[in-house]
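A closer look at the structure
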Amino acid sequence: MSRYYLTTPIFYVNDAPHIGHAYSVLNGDAVTRWHRLLGDEVFYLTGTDEHGLKVQRAAEANGLSPQVQADRTSQRFRAAWAELGVANDEFIRTTEPRHHRAVQKLMQRAYDNGYIYSATYDGWYSVADEAYISQEDVTEEDLKAGRVERMTEENYFFALSAFEEQLLDWYEANPHNITPEGYRNEALGIIAGGLRDISITRTSIDWGIPVPWADGHVFYVWYDALTNYATAAGYGDDEGRFAAWWPSARHLIGKDIIRFHCVYWPAMLLAAGVNDLPKFHVHGWLLVGGKKMGKSAFNQISPSDLVSDFGVDGFRYALLRDTPFGPDSEVSHESLQQRYNTDLANNFGNLLQRACALVHRKCGGVGPAPDTDHPLADVVAAVYADTAEGWERFQPSVALEATWRLIRDTNEYLQATEPWKTDPGSVVDTILGNVLESLRIVCILASPAMPFACEVAWGRLGLSGSPLDQRLPEAAEWGQYPGGLAVVDGEPLFPRLLD
RNA sequence: GGCGGCGUAGCUCAGUCGGUAAGAGCGCUCGACUCAUAAUCGAGAGGUCGCCAGUUCGAGUCUGGCCGCCGCUACCA
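This write-up is about the structure you can find in this document. (Residues numbered from 1 in each chain as written. Chains lettered and ligands numbered in written order. Predicted model: local features only at pLDDT ≥ 70, side-chain atom pairs only at ≥ 80, totals over all residues. Heavy atoms only, no water.)

**Examining the pattern of salt bridges**
When charged atoms on two side chains of opposite charge get close, those side chains can pair. For the structure on display, the rule yields 19 salt bridges. Of the charged contacts, one joins Arg3 and Glu41 as a salt bridge, the two residues approaching to 3.7 Å between their closest N and O atoms. Within this pair, whereas Arg3 is found in strand 1 (residues 3-7), its partner Glu41 is found in strand 3 (residues 41-49), the two being separated by 38 residues in sequence. Overall, Arg3 belongs to the partly exposed group, its relative accessible area being 36%. It is possible to trace a salt-bridge network through shared partners that takes in Glu90, Glu96, Arg98 and Arg241. (Salt bridge = Lys/Arg side-chain N within 4 Å of Asp/Glu carboxyl O. Helix = DSSP H or I, 4+ residues; strand = E, 2+ residues; numbered from the N terminus. Buried < 20%, exposed > 50% of the residue type's maximum accessible area, 1.4 Å probe, protein only.)

**Section: the pairing of strand 12 (residues 249-254)**
Where burial is concerned, most of strand 12 is hidden: six out of the six residues are buried. Note that strand 1 and strand 12 share three bridges and pair parallel. Considered in strand 12, the bridge of Tyr5 is made with Ala249. Where strand 12 lies against strand 13 (residues 279-283), five bridges are found, and the strand directions are parallel. Along strand 13, the bridge assignment pairs Arg250 with Lys279. On the question of chirality, the crossover connecting strand 12 to the parallel strand 13 by way of helix 11 (residues 258-271) is right-handed. (Pairing = 2+ DSSP bridges. Right-handed = clockwise from strand over helix to strand, strands pointing away.)

**Some words on helix 3 (residues 66-83)**
The first and last C-alpha atoms of helix 3 sit 26 Å apart over 18 residues, in line with the 26 Å expected at 1.5 Å per residue. Of the positions making up helix 3, those classed as buried are Gln69, Ala70, Thr73, Ser74, Phe77, Ala80 and Trp81. One side of helix 3 holds all its buried residues, which, seen down the axis, span an arc of 120°. In helix 3, those exposed residues whose orientation departs by more than 90 degrees from the buried face are Arg72 and Ala82. Buried residues belonging to helix 3 abut strand 2 (11-12), helix 1 (19-37), strand 3, helix 2 (53-61) and strand 4 (90-93). At the exit of helix 3 stands Gly85, carrying a positive phi of roughly 75°. (Expected span 1.5 Å × (residues − 1). Arc of directions from axis to C-beta. Contact = heavy atoms within 4.5 Å.)

**Description of the protein's contact with RNA strand B**
The environment of RNA strand B is made up of 27 residues, and the closest members are Arg259, Gln338, Asn350, Arg354 and Arg496. For RNA strand B, the backbone makes up 73% of the atoms found within 4 Å of the protein, where backbone means sugar plus phosphate. Within the backbone of Ala345, a nitrogen or oxygen atom sits 3.4 Å from a base nitrogen of RNA strand B. Measuring from a base nitrogen of RNA strand B, one finds a side-chain N or O atom of Arg354 at 2.6 Å. No other element matches helix 14 (residues 333-363), which puts 12 residues into the surface near RNA strand B. In terms of residue class, the surface near RNA strand B is built from nine nonpolar, 10 polar and eight charged. (Near = heavy atom within 4 Å. Polar contact = N/O pair within 3.5 Å; in protein donor to acceptor, adjacent residues only side chain to side chain. Nonpolar A, V, L, I, M, F, W, Y, C, P; charged D, E, K, R; others polar.)

**Here's the deal with the nonpolar core**
By size, the foremost hydrophobic cluster in this structure holds 88 residues, and its most contacted members are Trp81, Phe348, Trp404, Met450 and Leu472. Once residues within four sequence positions are removed from consideration, Trp404 is found in contact with Tyr317, Asp343, Leu344, Asn347, Phe348, Ala446 and Met450. Grouped together as the second largest cluster of nonpolar side chains are 69 residues, Leu45, Ala225, Cys262 and Leu277 included. (Core = buried A, V, L, I, M, F, W, Y, C linked by side-chain atoms within 4.5 Å.)

**A closer look at the side chain of Gln337**
One can find Gln337 in helix 14. Not counting residues up to four positions away in its chain, the partners in contact with Gln337 are Phe310, Leu497, Leu498 and Asp499.

**Focus: the environment of Pro266**
Topologically, Pro266 is positioned in helix 11. Distance from Pro266 to Leu226, taken between C-alpha atoms, is 10.0 Å for residues 40 residues apart in sequence. With sequence-adjacent residues up to four places away left out, Pro266 is seen in contact with Leu167, Trp170, His261, Leu277 and Phe280.

**Some words on the packing of helix 7 (residues 181-192) against helix 11**
Axis separation between helix 7 and helix 11 bottoms out at 10 Å; the angle between their running directions is 60°. Of the possible angle classes, the one that applies to helix 7 and helix 11 is oblique. Crossing handedness for the pair helix 7 and helix 11: right-handed. Here Tyr183, Glu186, Ala187, Ile190 and Ile191 of helix 7 come into contact with helix 11, specifically with Ile258, Arg259, Cys262 and Val263. Taken together, the residues that form the contact of helix 7 with helix 11 break down as seven nonpolar, no polar and two charged. (Axes fitted to C-alpha atoms, helices over the stretch in contact; angles between N-to-C directions. Parallel < 35°, antiparallel > 145°, perpendicular 65-115°, else oblique. Left-handed = near helix turned anticlockwise from the far one by under 90°.)

**Some thoughts on the environment of Pro495**
If you trace the backbone, Pro495 turns up in the segment after strand 18 (485-486). You can call Pro495 partly exposed: its relative accessible area is 45%. Taking the C-alpha atoms as reference points, Pro495 and Ala345, 150 residues apart in sequence, are found 5.9 Å from one another. Setting aside residues no more than four positions away along its own chain, Pro495 makes contact with Tyr340 and Ala345.

See the structure below:
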């Protein structure tokens, strides 16, 4: 048994949950569910990032305290993921006391180790980005709109430049630390291009975690936020727990935050004396009409709208199946619906439906046992291998495509044997037993993407328990449908969607 | 400017070490079937694998150049 600690980015409470956020969280949820099936000890973390100037100002504008502002938005994320059936083990908030302790400890250690020093910044500051910007990037429009302000403040800087070599060595020695591989080159490019020290504190705001060695300073959002991954694993609170979990840490991130995660964060860990560095799984953006999912168009559709259109599992499946993990992916309501109708209504749902109906018509509603040795068993073995590899490589779309081959072959088998033309008896029993067995395995293999629908389908087959409690790879071995179970001839699992 | 990636059927994409790889799914057309959610099964049409040149007995697959799209990064005006 191995540990699998996966994190999503924590989401900034300045924004409402949208499909882009959901995309990260669902990929992580499906992958961790797969690892649970394997019997791995899984820790899946998501949460919210709650400090910083933007939150402080949004709170002021709403006449609220920053904490109340953060509480409200954080709750929206929590509710959104619950609605999507996300099985995160914890939901961390950067305003929690344990997180304050962890950030202070991590940064204090870096400070004690000599990697943090003070300097004065005098220049332009972008409120929107919460970042210092250079003179030439300041535009008149920004000034008029108040997006850019003049600022002079004493800062503490992190000696990022001291870690160039260590980071390059680490990436050299661990070529699989970033997947898909293309993104590894980006991280290497950033490092090889030369690293500059970075400002990590602010005196201009209050809404943040206090710097332990300097009154009036709080940590800048990013250095506060990144540490959440360590906090949740017990850093600063429970060293035994941290030691157990941290070596298996993996961060699921979008390509826009590679610099912070794949360069700054490992350096921060090294500076604090943490030498186990995490792995990264990087995904692209969802595009609508060729443009990044922003605050317009499809974005106006909330995850919850899509749940009402496709059902939780319909949405989860269509999104995961239609978007290769890594590259940017074009998505639309039409493409999701097409995927839903083809793969779920026509293939999986309809196969289940016809199988159950046939069992009722030919076998009195009692599901027969399969052949112990049957050609479909070979299909299952191949499908299992490819499905497992897909999940292992953090490629949900590949894994699901592999699983669906079993559904296709089972439909084909049914068509070839035509049990509806045959009188009840052992021949029909065996055919239907084979189909039920095939469906049993599909229910398990598809459950990371569709935990609820697969449980329902499992029950239709007359099986007790849940596909979520099965153990792979044993449970995917052919021939375990016991026979003699009461099969349920119910309503279609995935009603075909018309428009 | 530098580094890197991409450009394969209408759509989304696979193509490992150059040699039955020109493929899959969807969509489309035709046929079959009727257990099932007008679902399923079969057959077929459709591509000069961005362009040009080269290496080779043989190149989506290697080399050079070009065009187009994109990412990271630098900098000069």
